[in-house]
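# Coordinate inspection notes
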Amino acid sequence: MDAEADNGGECHAAQVVGADGEMDGAAMERFAAAAGLPSRGLSYAVVSILGPQGSGKSTLLNHLFGTSFTEMDALKGRHQTTKGIWIAKAVGIEPFTVVLDLEGTDGRERGQDDTAFEKQSALFALAVSDIVIINLWCHDIGREHAANRPLLRTVFQVLMRLFSPRKTTLLLVVRDKTKTPLEFLTQALKEDIQKIWDSVQKPEAYKEAALSEFFSVEVTALSSYEEKEELFKEQVGQLRQRFYHSIAPGGLAADRRGVIPASGFCLSALQIWKVIRENKDLNLPAHKVMVAAVRCEEIANEKLRHFLSDKGWLELDAAVKSGPVLSFGLRLRAILDSYLSEYDMETMYFDEGVRTAKRQQLESSMLDHTYPALETVIEHLHVVALNKFKSDLDQSLRSREGFAAAVCQCAQAAIGEFDAGLRDAVVKHVEWDASKVRNKLQDHIQTHVESVRNAKLAELKANYEKLLSDGLAGPVQSLLETGERDSWACIRRLYRRETENAALAFLASLSEFDLDQTMSSKMVSDLREHARSVVEMKSREEAGNVLMRMKERFFTVLSRDRDSMPRTWTGDEDLRTITREARLAALRLMSVMAAIRLDDKPDKIDRALITALLDGGPFSQKRSVEFTYDPLASSTWEEVSPRDTLITPVQCKSIWRQFKAETEYAVAQAMSMQEAHRRSKNWLPPAWTILLLAILGYNEFMFLLRNPLYLLGLFVALVLSYAIWLQYDITAYFRHGTISALLTILSRLLPTIMEIVTAIVNMSQSHNKHSANRSHHPPPLHAQSSKNQTWRQAQVVQYQQSPDSPSSSSSSVDSNTGDEA
């Protein structure tokens, strides 16, 4: 229930603890807000009053502080007026003074045995009040069982439940003062109080504690309000003066240890009453910290809410999302400082440790909400700096500037711009470690540098590899095709020359990339390895065509002489020696292609191949002397690593068998041509047979001379034979055998005679026409002869292509006969 004073509503009174002992926290909050208590900081005092029921406590407070507590109406009898605890604001007193009117003790309404509420309210008054007024009847002083002794005993007993209590001022107000001087009353009261203090059972920690450590005892006396009202009011006015500036040094409430700031008073009172009602010991220092924690937390949360809805912050946050913001750090710092300053002002009277901790939490919470924006700003700066580095580096490289120098210059410029933006963006409240974000930018720059460097190095390496490939592939192939003894020596010289030149030039090009020695050496080593791989690849490619190359080499040596002129097999050539030379050349070609010899190590491949394949069979004498086993009965070569092996010994053996099978026909054909040439030279009988025929045929010869007709027939036969000789290449026919030659001549004899007769008839007719018409001339005989000679050479060539096939000869004859017809 609220009551207002008659002075314009400046005094507010509210019941905060009901008769049932429950505290109304909402009523206390309303009182504090209406009275303006939260804004007072530490400039306020709390006064409470204890005393027997009906002792005039409320009347004293109303006259002393101008409050409007309900007073007892004496005309209606003496009864309980104040129930529970009431609160009000003192009127016209500075500092701001809170007045608590407590329910009287020793009331009949609660009974003799129900003293729990008395102790609870007394403990509450000691815990929250700077000044505790104890209202006493003057006529009870000096009595052993008067009301003042139980009241003081109650105060001292509940005092023991306060852990490290602060020093409280006990103002003993003696009511209805008699003629006894005040000093005697004061002495008697202090003696009684000391006796009560000594008799009260105290905890071990306070057994030897003096009363002065806990209380500052003051005594005053007032006349009877009912009998001497004017004097009472005058004395109350004098007492009122003592409450002015009560919290100042030397004031009535001089001990201000553990005071709760005004904004936390309601919360503190509520929590203290809760602990008292639960019958627990009250730890005021810990309670002070708890109240500070709760209030500072509330204030911090309020400031955080206001910050999150701040228009300036919302505009700044929106601007950051769209791009970089100039002076971001300064603008954000101004907003944060304003709310932190407000927090400091509102919490300046709370416990310093709690206040500082909650301030840090507030600052951290606000920064947590601003951190995404700060990260966005830094990300913008990061992107801008990285893009600047990339564009500057590309431009520098296009201008042919050295790679390492360009990277260093562009990186310094980009990081410098990033640092400047970072200083503008970072807020002073954050202990920002700029090295982290700078290292991140440097890492991204280094990643881009590595990417560009790798691309440039790959391009440079590819160029030099192509240069090496062009310089080695063709010449190596040409040298391998020659198959000479010094082919690999020439290849080694070529390989070393090209590799060294390329390596030196490549190393000079790498100097601009500022690579470490290990990296440079590795890249040069890779280039050398590429050169070797080119030689190996070309060697393996040629080794795959070794059979074809061997046959080409064999046919070249077999069919051409030392002057590279085509051979004519006249029968005088040493075909066996030529064939051996041709096979030896092919074998040496296979020896060259059998293994890679870039290491200039001696080997026995050539001798093994010649010994095993050319110098006889497995029982040849040379082989038995040099090799104790078959040198080709293995899958590896001696002194040659598997990596450098192109053709294994077993493969060489197989290739050689195939080679011999495919070249035997050429050798046999050469032998046939030699044999045919020899036979063409020996188609006439021997000289002794001719002499014998001349001697034995002398009579027949003389017979022909004596008979001209026989001689004419012989002449005609000779002419006809000459014509046939001119018509056919008789010598060529006899190269392939006498029988086949005679058969061919006989098959073509009749068609030839018919042609001759036809030619004679045509010549006769032409002669007649020429005689009749001089404009035509007979065809020259040599033209016909030339035509016949051409036809005859074609027939010979055709015959040579199939010299061993009688059926082929017959078909050729038939074809020619058809053509002549």
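Rules behind the numbers
- Residues numbered from 1 in each chain as written.
- Predicted model: local features only at pLDDT ≥ 70, side-chain atom pairs only at ≥ 80, totals over all residues.
- Heavy atoms only, no water.
- UniProt positions renumbered as here; feature names shortened; annotations may be inferred.
- pLDDT = per-residue confidence, 0-100.
- Helix = DSSP H or I, 4+ residues; strand = E, 2+ residues; numbered from the N terminus.
- Contact = heavy atoms within 4.5 Å.
- Buried < 20%, exposed > 50% of the residue type's maximum accessible area, 1.4 Å probe, protein only.
- Phe/Tyr/Trp six-rings, centres within 6.5 Å; stacked < 30°, edge-to-face > 60°.
- Core = buried A, V, L, I, M, F, W, Y, C linked by side-chain atoms within 4.5 Å.
- Expected span 1.5 Å × (residues − 1).
- Salt bridge = Lys/Arg side-chain N within 4 Å of Asp/Glu carboxyl O.

Going by the annotation in an unreviewed UniProt entry, the name recorded for the protein is Protein ROOT HAIR DEFECTIVE 3 homolog, with Urochloa decumbens given as the source organism. Under Subcellular location (unreviewed entry), UniProt gives the following word-for-word description of the protein: "Endoplasmic reticulum membrane". In UniProt, the protein has this text filed under Sequence similarities (unreviewed entry): "Belongs to the TRAFAC class dynamin-like GTPase superfamily. GB1/RHD3 GTPase family. RHD3 subfamily."

Our focus in this paragraph is the confidence of the model for the protein. Parts of the prediction with low pLDDT should not have their coordinates interpreted in detail. With 83% of its residues at a pLDDT of 70 or more, the protein shows a mean pLDDT of 80. Within the protein, strand 4 (residues 85–89) carries the highest mean pLDDT (93), whereas helix 27 (residues 806–820) carries the lowest (33). In the predicted structure, residues 74–79 sits below a pLDDT of 50 and forms 12 contacts with residues beyond four places in sequence or in another chain. Residue range residues 617–625 is modelled with pLDDT below 50. Its contacts to residues more than four positions away, or to other chains, number 10 contacts.

Using the residue numbers shown here, the UniProt feature "transmembrane region" (unreviewed entry) corresponds to residues 709–728 and 740–761. In residues 740–761, the share of helix is 100% and the share of strand is 0%. The end C-alpha atoms are 32 Å apart.

Another aspect to go through is unusual backbone geometry. The amide bond that connects Glu94 to the next residue, Pro95, takes the cis arrangement and shows omega of 5 degrees. Topologically, Pro95 is positioned in the loop between strand 4 and strand 5 (96–102). In this structure, Asp176 is a non-glycine residue whose phi angle is positive, near 55 degrees. Assignment of secondary structure puts Asp176 in the loop between strand 8 (168–175) and helix 5 (182–199). Residue Asp176 is classed as partly exposed on the basis of its relative accessible area of 25%. At Ser564, a position not held by glycine, the phi torsion is positive, near 65 degrees. Tracing the backbone shows Ser564 in the loop between helix 16 (546–559) and helix 17 (575–593). Among the residues examined, Ser564 registers a relative accessible area of 47% and is labelled partly exposed.

Summarizing the sequence annotation, UniProt attributes the feature "binding site: GTP" (unreviewed entry) to Gly51, Pro52, Gln53, Gly54, Ser55, Gly56, Lys57 and Ser58 in the numbering used throughout. If you trace the backbone, Gly51 turns up in the loop between strand 3 (44–50) and helix 2 (57–65). Residue class for Gly51 comes out buried when judged on its relative accessible area of 1%. With sequence-adjacent residues up to four places away left out, Gly51 is seen in contact with Lys57, Gly104, Thr105, Asn135 and Leu151. With residues up to four places along the chain from it excluded, the contact list for Ser58 reads Phe69, Thr70, Glu71, Thr82 and Asp101.

Let us look at the packing of aromatic side chains. Under the defined criterion, the tally for this structure stands at 13 aromatic pairs. Ring geometry for Phe403 versus Phe513: centroids 5.0 Å apart, planes at 40 degrees, classification tilted. With Phe403 in helix 12 (residues 403–425) and Phe513 in the loop between helix 14 (487–510) and helix 15 (517–544), this residue pair connects regions lying 110 residues apart in the sequence. With 5.0 Å between their ring centres and 35 degrees between their planes, Trp656 and Phe659 make a pair best called tilted. Of this pair, Trp656 and Phe659 both sit in helix 20 (residues 649–681), 3 residues apart, which is roughly one turn of the helix. Phe659 shares its class with Trp656; the two are buried. A network of ring pairs unites the aromatic residues Phe554, Phe555, Trp656 and Phe659 as a single cluster.

What follows concerns the nonpolar core. Ranked by size, the top nonpolar core spans 180 residues in total, and within it Phe124, Phe156, Phe215, Phe328 and Met590 carry the most contacts. A per-element tally of this core places helix 11 (residues 352–398) first, with 14 residues. Dropping the residues within four chain positions of it, Phe215 is found in contact with Leu126, Val155, Phe156, Leu159, Lys167, Thr168, Leu170 and Trp197. One finds Leu60, Ala90, Val99 and Leu252 within the second-largest nonpolar core, a separate group that totals 24 residues.

What follows covers helix 12. Side chains of residues three or four places apart in an α-helix project in the same direction, reflecting 3.6 residues per turn. Its 23 residues give helix 12 an end-to-end C-alpha distance of 32 Å, which sits within 8% of 33 Å, the value for a rise of 1.5 Å per residue. The complete set of buried residues in helix 12 reads Phe403, Ala406, Val407, Cys410, Ala411, Ala414, Ile415, Phe418, Asp419, Gly421, Leu422 and Ala425. On its buried face, helix 12 sits against helix 10 (328–347), helix 11 and helix 13 (434–482).

Summed over all chains, the structure comprises 33 salt bridges. Between Glu481 and Arg549 there is a salt bridge; the shortest N-O distance is 3.0 Å. Here the residue Glu481 occupies a position in helix 13, and Arg549 occupies one in helix 16, the gap between them amounting to 68 residues. Judged by its relative accessible area of 28%, Glu481 is partly exposed. Judged by its relative accessible area of 15%, Arg549 falls in the buried class. Here Glu498 and Arg497 are joined by a salt bridge, their closest N and O atoms 4.0 Å apart. Glu498 gets classed as partly exposed once you look at its relative accessible area, which sits at 23%. By relative accessible area, Arg497 is classed as partly exposed at 44%. Within the structure, one salt-bridge network assembled from shared partners comprises Glu529, Arg532, Glu536, Asp599, Arg643 and Asp644.

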